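Architecture and fold: a report
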Amino acid sequence: MNPEIVEVQDSDPARQAANLAAVIAAQLAEALNRRALASLVVSGGHTPYPMYEQLARHKLDWSRVWVTLADERWVDTENADSNERLVRASLLGQGAAAHFIGLKNDAGRAVDGTAAAWAGLAALPRPFDAVVLGMGEDGHVASLFPGVAELTAGLDPQAPPACIAVQPLAAGHARISLNLAALLQSRRIFVQIIGSLKRRVYEKARAAGPDKDMPIRAVLRQNTVPVAVYWCPDAPTRETINSETQP
């Protein structure tokens, strides 16, 4: 099963956000038509924020939707670096009736909070109806970073689904992340990327090479869950727009 590449051709991230939000909303609506509850796993970062705002505007029975995170920094949920804070400000800002379960808990360290975090997700219907992932410039996905000591366990397809603690090599905050087995407990995965640099990273990830060098490969190469990759070029700058409209 090869991932489907859906490209927005008009160089407009706003349209990409609207299109992807509509597809995810349809996925959730179908789930709610078939089952009592639906579940959605989302990621942090600047890229998906506008999409979450668009998704929140869709007319769904949000009271039957459960939402959680693919990964989180081990910081207070009011910290500017918190993924939970971002999701509450965007997706839950208008779709406020959705049930949200964060990954951060009262444990002092991420490594001490993994079991409680995973136990907290027991209420979410699985398989997850939709999982939204990003991709780092180093090919990381969720908080599964190349080179970290926890990567082998995190990418082990035979491991039980779980939350794992991760200490990125070049970041100040410890992380908590769903492992690959947990991410693949889903009906459909969406990867959202923007820009020519991310496109080159994506193409490199599709080429030969070990998963450990670019963990996104483990998502793209698995053959059990459909993957849709939404990409659009960088938004045109004001200078480019002006030069293209000059006679």
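What you are looking at is a predicted structure, and each value in this text was computed from that prediction instead of being measured.

Scoring rules and cut-offs
Residues numbered from 1 in each chain as written. Predicted model: local features only at pLDDT ≥ 70, side-chain atom pairs only at ≥ 80, totals over all residues. Heavy atoms only, no water. Phe/Tyr/Trp six-rings, centres within 6.5 Å; stacked < 30°, edge-to-face > 60°. Helix = DSSP H or I, 4+ residues; strand = E, 2+ residues; numbered from the N terminus. Lys NZ or Arg CZ within 6 Å of the ring centre and 35° of its normal. Pairing = 2+ DSSP bridges. Contact = heavy atoms within 4.5 Å. Axes fitted to C-alpha atoms, helices over the stretch in contact; angles between N-to-C directions. Polar contact = N/O pair within 3.5 Å; in protein donor to acceptor, adjacent residues only side chain to side chain. Buried < 20%, exposed > 50% of the residue type's maximum accessible area, 1.4 Å probe, protein only. Lys, Arg positive; Asp, Glu negative; His and termini not counted. Salt bridge = Lys/Arg side-chain N within 4 Å of Asp/Glu carboxyl O. Expected span 1.5 Å × (residues − 1). Arc of directions from axis to C-beta.

This part takes up the packing of aromatic side chains. Counted according to the given criterion, the structure contains one aromatic pair. Measuring from ring centre to ring centre gives 6.4 Å for F190 and Y230, while their planes differ by 55°; the resulting arrangement is tilted. With F190 in strand β9 (residues 189–194) and Y230 in strand β10 (residues 227–232), this pair connects stretches of sequence that are 40 residues apart. The ring of W74 carries K104 above its face, with NZ or CZ at 4.8 Å from the centroid. For R199, the ring lying beneath its charged end belongs to W231, and the centroid distance is 4.9 Å.

Strand order in the open sheet made by the seven strands is β1-β10-β9-β6-β2-β3-β5, with parallel pairing throughout. Of all the strands in the sheet, just β1 (4–7) and β5 (99–100) have a single pairing partner and so form its edges. Direction of pairing for β1 relative to β10: parallel, over a ladder of four bridges. Within β10, the residue paired with I5 across the bridge is V229. Across the face of the sheet, helix α8 (residues 196–206) comes into contact with β1, β9 and β10 while running at roughly 165° to β1.

Taken together, the three strands give an open sheet; going across it, the order is β4-β8-β7, and neighbouring strands pair in antiparallel fashion. Bordering the open sheet on either side are β4 (71–73) and β7 (163–166), each of which pairs with just one other strand. Each strand axis lies, on average, 20° off the axis of its neighbour in the sheet, ignoring direction. One ladder, built from four bridges, connects β7 with strand β8 (residues 175–178); its direction is antiparallel. Along β8, the bridge assignment pairs I164 with S177. Packing against the sheet, helix α5 (residues 110–120) makes contact with β7 and β8, and its axis sits at approximately 165° to β7.

Relative to the elements of secondary structure, Q222 occurs in the loop between α9 (216–221) and β10. Within polar-contact distance, the side chain of Q222 engages the backbone nitrogen of V225 at 2.8 Å.

All right, on to the side chain of R217 then. Assignment of secondary structure puts R217 in helix α9. No salt bridge is formed by the buried R217; the nearest opposite charge belongs to D213, separated by 4.8 Å. For R217, the side chain forms a polar contact with the main-chain oxygen of P210, separated by 2.9 Å. Ignoring anything within four residues of it in the chain, the contact list for R217 reads K204, A205, A207, A208, G209, P210 and D211.

Taking 1.5 Å of rise per residue, 22 residues should cover 32 Å, and helix α1 (residues 13–34) covers 32 Å from first to last C-alpha, within 8% of that figure. If you check which residues of α1 are buried, you get Q16, A17, L20, A21, I24, A25, Q27, L28, A31 and L32. On an axial view of α1, the arc spanned by its buried residues comes to 160°, and they lie on one face. Turned more than 90 degrees away from the buried face of α1, the exposed residues are N33 and R34. Next to the buried residues of α1 lie β2 (38–42), α2 (49–56), β3 (65–69), β6 (130–133), β9 and β10. Measuring from the backbone nitrogen of A14 back to the side-chain oxygen at the start of α1 gives 2.9 Å, which picks out D12 as the cap.

Turning next to the environment of S82. The topology assignment puts S82 in the loop between β4 and α3 (83–89). Here S82 falls in the buried class, since its relative accessible area comes to 3%. Separated by 37 residues in sequence, S82 and G45 place their C-alpha atoms 9.4 Å apart. In this view, S82 contacts E72, V75, D76 and T77; residues no more than four positions away in its chain are not counted. A polar atom in the side chain of S82 sits 3.1 Å from the backbone nitrogen of R85.

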